[in-house]
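What follows is each chain in one-letter form.
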Amino acid sequence: MASPASFAAGTRTVCMRRCDGYVFPLGRLHARADLPVHAAACAAACPNAPTEVFTLAPGRAELEQSVALDGRPYLRAATANLYRRTRVENCSCQPSGAAALLMPLADDRTLRPGDVVASEEGADLVAGLSRTGPALVDYRIAALSRPHRNAIEDRVGALRRDAAKAAFREALQAKGSGARRLQVAEAQIPTLPTVGASAGFAPVVSRGEGFAAVRMVSPSPFGH
């Protein structure tokens, strides 16, 4: 449990929606002086409801293990986990029918070097900070230890997707290089007899010259 006066290195902040106890992670807390910034980020992330900042001690993974700034455990809050049991009327982070706006990363004062943020391709590592915003590096090419990269990969899976795409392309190329064209030979098929005529065979008539390439189908890692 973090004391009100100081926080251990690696302490994270958690935002709680007071009306139903819904909690979500905020960022890493480096000093008590950063608390107002985290409180502002908490309120900005859930502008339609009252919020409160909690802290999660290093080594704790479950948000339920967080504590308020006065040391009160989350599980002792009046609305702890209420959102899991019932839906509280008029208790949401965004007004009904309104789409949430993402905070620009340049305005997020909780970011620190080493943080990981989601991206369209997977995740980026915060390599540095400046007045214009954070410098981001794709975690797949960032200078990281293997355990750190594996921890991100377990959640994001971009490296696995890259490997699946490469294997899929190789499979298509392998099949394409050995693809052959099929020729429809002249053949005779039986036809139904008509009145006054005996049963016979009619030739298959070719529709156009040349031969069409056969479409090759290969299992894809992107479909179900």
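Above: the structure in question.
Since the structure is predicted, the reported quantities are computational estimates derived from the model, not experimental observations.

**Student:** Let's hear about the side chain of threonine 13: which residues, and what values?
**Tutor:** Tracing the backbone shows threonine 13 in strand β1 (residues 12–17). At a separation of 2.6 Å, a polar atom in the side chain of threonine 13 contacts the side chain of histidine 38. Residues in contact with threonine 13, not counting those within four places in the same chain, are Pro25, Leu26, Gly27, Leu29, His38, Val53, Phe54 and Thr55.

**Student:** Pulling in residues and values, what's your account of the sheet that holds strand β7 (residues 133–138)?
**Tutor:** Reading across from one edge, β5-β6-β7 is the order of the 3 strands in this open sheet, with antiparallel pairing throughout. Looking along the sheet, the strands with just one partner apiece sit at the ends: β5 (116–118) and β7. Across the sheet, the mean angle from the axis of one strand to that of its neighbour is 45 degrees, orientation sign disregarded. Note: strand β6 (residues 123–130) against β7, 6 bridges, orientation antiparallel.

**Student:** So what's going on with helix α3 (residues 146–156)? Which residues, and what values?
**Tutor:** Regarding α3, the residues found buried are Arg149, Ile152 and Glu153. Take α3 and look down its axis: the buried residues cluster within an arc of 105 degrees, on one side only. Exposed residues pointing more than 90 degrees away from the buried face of α3 are listed as Pro147, Asp154 and Arg155. Immediately beyond the C-terminal end of α3, within one or two residues, lies glycine 157, with a positive phi of roughly 75 degrees.

**Student:** Report on the environment of isoleucine 152, specifying residues and quantitative values.
**Tutor:** Among the secondary structure elements, isoleucine 152 is positioned in helix α3. Residues isoleucine 152 and arginine 140 lie 12 residues apart in sequence; the distance between their C-alpha atoms is 9.4 Å.

**Student:** If you had to explain the packing of aromatic side chains to someone new, which residues and values would you point to?
**Tutor:** How two aromatic rings sit relative to each other is set out by the distance from centre to centre and by the angle between their planes. Enumeration according to the criterion identifies 3 aromatic pairs in this entry. Ring geometry for tyrosine 22 and phenylalanine 24: centres 5.9 Å apart, planes at 40 degrees, overall tilted. Exposure remark for tyrosine 22: the relative accessible area of 32% places this residue in the partly exposed category. The class of phenylalanine 24 is buried, set by a relative accessible area of 15%. With a centroid separation of 6.0 Å and an interplanar angle of 80 degrees, the aromatic rings of phenylalanine 54 and tyrosine 74 are classed as edge-to-face. Of the two residues, phenylalanine 54 sits in strand β3 (residues 51–56) while tyrosine 74 sits in the loop between β4 (67–68) and α2 (82–85), which places them 20 residues apart along the sequence. As far as the burial class goes, phenylalanine 54 and tyrosine 74 line up, both buried. Grouping aromatic residues by their ring pairs yields a cluster made of Tyr22, Phe24 and Tyr83.

What counts, and where the lines are drawn
- Residues numbered from 1 in each chain as written.
- Predicted model: local features only at pLDDT ≥ 70, side-chain atom pairs only at ≥ 80, totals over all residues.
- Heavy atoms only, no water.
- Helix = DSSP H or I, 4+ residues; strand = E, 2+ residues; numbered from the N terminus.
- Polar contact = N/O pair within 3.5 Å; in protein donor to acceptor, adjacent residues only side chain to side chain.
- Contact = heavy atoms within 4.5 Å.
- Pairing = 2+ DSSP bridges.
- Axes fitted to C-alpha atoms, helices over the stretch in contact; angles between N-to-C directions.
- Buried < 20%, exposed > 50% of the residue type's maximum accessible area, 1.4 Å probe, protein only.
- Arc of directions from axis to C-beta.
- Phe/Tyr/Trp six-rings, centres within 6.5 Å; stacked < 30°, edge-to-face > 60°.

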